[in-house]
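# Structure assessment
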Amino acid sequence: MPLYLTDDQAMLRDTAREFMAEQGSIKAQLRHWRDRGCKDGFGHGLWKQFAEMGFTGILVPEADGGLGLGHVEAGIVLEEIGRNLTPSPFLVSAVAFVEGVKGSAARERWLPGILSGDIVAAVAIDEGRKHRPEATAMRAERSGNGFRLNGAKSFVVQGGSADVILVAARTGGSAGETDGLTLFAVDKEASGFGAASERLADSSMAARLTFENVEVDADAVVGEVDQGWAVLTRLLDAGRTGIAAEQVGVASGAMDMTVDYLKQRTQFGRPIGEFQALQHRAAHLYSEIEIARAATLKAQQLLDEGDSKAELMVSVAKAKAGRTATLAVQEGVQMHGGIGMTDEHDIGLFMKRDRALNELWGDANYHAERVAQLSGY
Amino acid sequence: MADLEAFRSETRAWLEANCPAEMREPMRDESDYCWGGRNPTFKNDAQKRWMDAMAERGWTVPDWPREYGGGGLSPAETKILKQEMARIGARNPLMSFGISMLGPALLKYGNEEQKRRFLPEIARGEIRWCQGYSEPGAGSDLAGLQTSAEDKGDHFLVNGQKVWTSYADKADWIFCLVRTSKESKHGGISFLLFDMASEGVSTKPILLISGSSPFCETFFDDVKVPKDQLVGELNKGWDVAKYLLGHEREMISGMGLSGGSSEALGTALRDLLADEPMLRTDVARFDVDAIAFRAMSERFIDELKAGRAHPAQPSMMKYAGTELNKRRHELVMAAGGASALEWESERSKGGKAAREWLRTKANSIEGGTSEIQLGIVAKRILNLPGT
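Residues numbered from 1 in each chain as written. Chains lettered and ligands numbered in written order. Predicted model: local features only at pLDDT ≥ 70, side-chain atom pairs only at ≥ 80, totals over all residues.

A separate point is the overall build of chain B. The helix and strand inventory of chain B stands at 12 helices and eight strands. Here the C-alpha radius of gyration of chain B, 22 Å, is about what a compact globule of 387 residues would show, namely 21 Å. Overall, chain B is about 70 × 50 × 45 Å in size when its C-alpha atoms are taken along their principal axes. Looking at chain B residue by residue over its 387 residues, the buried ones come to 41%. Of the contacts made within chain B by residues no fewer than 6 positions apart, 70% connect residues no fewer than 24 positions apart. (Helix = DSSP H or I, 4+ residues; strand = E, 2+ residues; numbered from the N terminus. Rg over C-alpha atoms; globule rule 2.2 N^0.38 Å. Buried ≥ 20, exposed ≤ 12 C-beta atoms within 10 Å, placed from the backbone. Contact = placed C-beta atoms within 7 Å.)

Scanning chain A from terminus to terminus reveals 11 helices and 10 strands. A compact globule built from 377 residues should have a C-alpha radius of gyration of about 21 Å, and chain A, at 21 Å, falls within 12% of that. Structurally, chain A occupies a C-alpha span of about 80 × 50 × 40 Å along its principal axes. Relative to its 377 residues, chain A shows a buried fraction of 55%. For chain A, contacts bridging at least 24 residues in sequence account for 73% of all contacts bridging at least 6.

Residue and element names in this part refer to chain A. According to the domain assignment, chain A consists of domain 1 (7-119), domain 2 (123-227) and domain 3 (230-374). Taking only C-alpha atoms into account, the centre of domain 1 sits 23 Å from that of domain 2. The partner domain 2 presents 17 residues to the 18 residues of domain 1 that form the contact. Looking at the side of domain 1 that touches domain 2, the elements with two or more residues in it are helix 2 (26-35), helix 5 (90-101) and helix 6 (106-116). Element by element, the count of residues in the side of domain 1 that touches domain 2 is highest for helix 5, at five residues. Of the residues assigned to the side of domain 1 that touches domain 2, the class counts are 11 nonpolar, four polar and three charged. (Domains from an automatic or database assignment. Nonpolar A, V, L, I, M, F, W, Y, C, P; charged D, E, K, R; others polar.)

Let's shift gears to the nonpolar core. The nonpolar side chains of a soluble globular protein tend to be buried with one another. Leu166(A), Phe184(A), Val316(A) and Ala292(B) are the most contacted members of the largest nonpolar core, which has 160 residues in total. With 17 residues, helix 7 (residues 228-264) of chain A is the largest single contributor of residues to this core. (Core = buried A, V, L, I, M, F, W, Y, C linked by C-beta atoms within 7 Å.)

A few words on the packing of helix 8 (residues 276-305) of chain A against helix 9 (residues 310-336) of chain A. Residues and elements named next belong to chain A. Closest axis-to-axis distance for the helix 8/helix 9 pair is 8 Å, and the angle between their directions is 155°. Here helix 9 runs roughly antiparallel to helix 8, going by the angle between their axes. Here helix 8 and helix 9 pass one another in a crossing that is left-handed. Within the contact of helix 8 with helix 9, the residues separate by chemical class into 18 nonpolar, two polar and five charged. (Axes fitted to C-alpha atoms, helices over the stretch in contact; angles between N-to-C directions. Parallel < 35°, antiparallel > 145°, perpendicular 65-115°, else oblique. Left-handed = near helix turned anticlockwise from the far one by under 90°.)

We now examine helix 10 (residues 347-359) of chain A. Residue and element names in this part refer to chain A. The complete set of buried residues in helix 10 reads Ile347, Leu349, Phe350, Met351, Arg353, Asp354, Leu357 and Asn358. Buried residues in helix 10 make contact with helix 2, helix 7, helix 9 and helix 11 (364-374). Looking one or two residues beyond helix 10, the residue adopting positive phi is tryptophan 361, at roughly 60°.

What the domain assignment reports for chain B is domain 1 (2-95), domain 2 (129-235) and domain 3 (258-381). Using only C-alpha atoms to locate each centre, domain 1 of chain B and domain 2 of chain B end up separated by 31 Å.

So, on to the pairing of strand 4 (residues 173-179) of chain B. Residues and elements named next belong to chain B. Most of strand 4 sits out of view: seven of its seven residues are buried. The sheet contact formed by strand 4 and strand 5 (residues 189-195) spans seven bridges and is antiparallel. Pairing of tryptophan 173 across the sheet is with aspartate 195, part of strand 5. (Pairing = 2+ DSSP bridges.)

What follows deals with the interface of chain B and chain A. Contact residues are listed per partner, giving 36 residues for chain B and 32 residues for chain A. Elements supplying a minimum of two residues to the side of chain B that touches chain A: helix 7 (265-268), helix 8 (270-273), helix 9 (277-305), helix 10 (313-336) and helix 12 (370-381) of chain B. A per-element tally of the side of chain B that touches chain A places helix 9 of chain B first, with 15 residues. Class assignment for the residues of the side of chain B that touches chain A results in 20 nonpolar, five polar and 11 charged.

Moving on to unusual backbone geometry. Generally, phi is negative for residues other than glycine and the peptide bonds are trans, each holding for most cases. Residue and element names in this part refer to chain A. Even without a glycine there, the phi angle at phenylalanine 268 is positive, about 55°. With respect to the helices and strands, the residue phenylalanine 268 is situated in the loop between strand 9 (266-267) and strand 10 (270-271). According to the C-beta neighbour criterion, phenylalanine 268 is exposed, with 8 such atoms within 10 Å. Positive phi outside glycine occurs at tryptophan 361, with the angle close to 60°.

Right, here's the structure in full:
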């Protein structure tokens, strides 16, 4: 398979690009909800529109009523989301959650609502400041036919808006071990469940969740008891690749805005884009973004093919896209000069989103470490 | 598809029968390259047999037309040949600036007589070519070149000096940029071919920091060049030169992947990194960039084949690939420590690590510096205003 978009994929990209630029723009969505202090940080109307466009069903198998497409297609939508900083539950609900519940009993209950854009799903894994899935300490003990959950989760993106939370808990082993983990799909109405939302620097919402003797049935289990690591890795790798695509979009959006500015802004009697000091930095940034985009597409294709090298490439893509987006937003603000420091200008919003995306499900250091381990050093 | 499968099995059988065992071992260093030429030096008999066998089928240049000594293969067939060669680890039968640089330019800009005269002998490895581009006063500003070719009626009279001429002391012919008009900077340049054995041509190797001398200074003192050795139109040589540079950049950017190994650098250096956490971090970050760049190379080649690549994309590839290669060798040296500093000892294979490290420093200078490539990307891809 050639490493560029097929004709069908290019068509989806054109559709997504047009849709997101119109309906998902910074003015229409990010600033709109931020300036109103919205408790969800995104618009449910737009989420319904995502469903009408078919976006929410991209990764849902055809047998379950979805489009049965792959990570390349999900990434196409995410790149446009990144370019417009569009706040939506797409990444956590339509990518990570959907990938996680594939083939499980929970899918019958929750996928229809995601397909129609009526519900939001979240994924709760981390418990500390940094991404350490194997450090999961939250307990799940057998209770009757089901399990009783006790513990806390942090940095659960859109956890306060979610109708269902896919949560990683320990049914065996101890913190630091990959064995003994189990995933549960927990209804927000469950007794003993609590969510406290926090607004983050990028105006997105994340929650701290608490579970106090939350009782769930056996059919809330996603995957095998004690063998949750495999499902967890699969859903995380789908999510990480999705974030890489979103960051390529963030980087491209920031670069386009910056290159336009270099052509318009005049100092010393000429456009500042004539200065070689800025030209070379812009060209270096372009080069890094092209490489990040190629690595991300490669990871998506390998995931779609079920290739054994996908895991390595996912981490390469997340690390590369993360570093590249950080370079893009830093260069963006610096090259805009004073105006780049104002809230009125959009370039600073790119910087905030990049920081949050870097932190989610492993930053560039985490994934460089994973590349080293997978490469045997 | 059935035809392609038949082609694959025929090719596989032919390679099995004709590629000598010695030519299936990985090349150890540049001394294993086969360059051909008028007075060729072969490392062993197998090297010559392999070059001749491939040339006989036109497979030293599989995608050139048959009438010019090529194999006349389609892109799909060429890809299969490359895959089948890679499968048995077959070496490149012939390294040649004639193949990688001059040939494509002649196919596009040469007249019929020139194509029939020069291309077949390139394909057969009979003539070794060198490139006369840079001059002492014309490096990054290549179009500022001063070597002149004066019109003397039935011939040009060439005078001047070139520098950084790769293997000029071993080459048989040169493709050379000369000034045929002072009226216009870019519009006064012509593209000439001539024999290095011509009277008035002399060369002087340049000793480099790596201790080797792959480049020469080349001097022209009243060299007579027949007029039918002008490629393209008079004063339009800059177009030919730019086209050829695109091919050179593709070739050099490929060096970012040199060794042909898909192994991560850290895997190769594993034992040396065990007690070096900071270095291990640097290597891991390098591997992220290197594996990502490998994906970029795959994408670039796929886009080139499909005619989708931006015409200035080779500049981006050359920049990124060469900077990466320099970083790789810095890390190899750091991991090797004091052992990697040895310059002559047997256990260091004559200072292999250090010499290769120093060689890579030229990657981002030759064929247009990194700064020149960034300027091209800024102007032609990002459309930034330029002077």
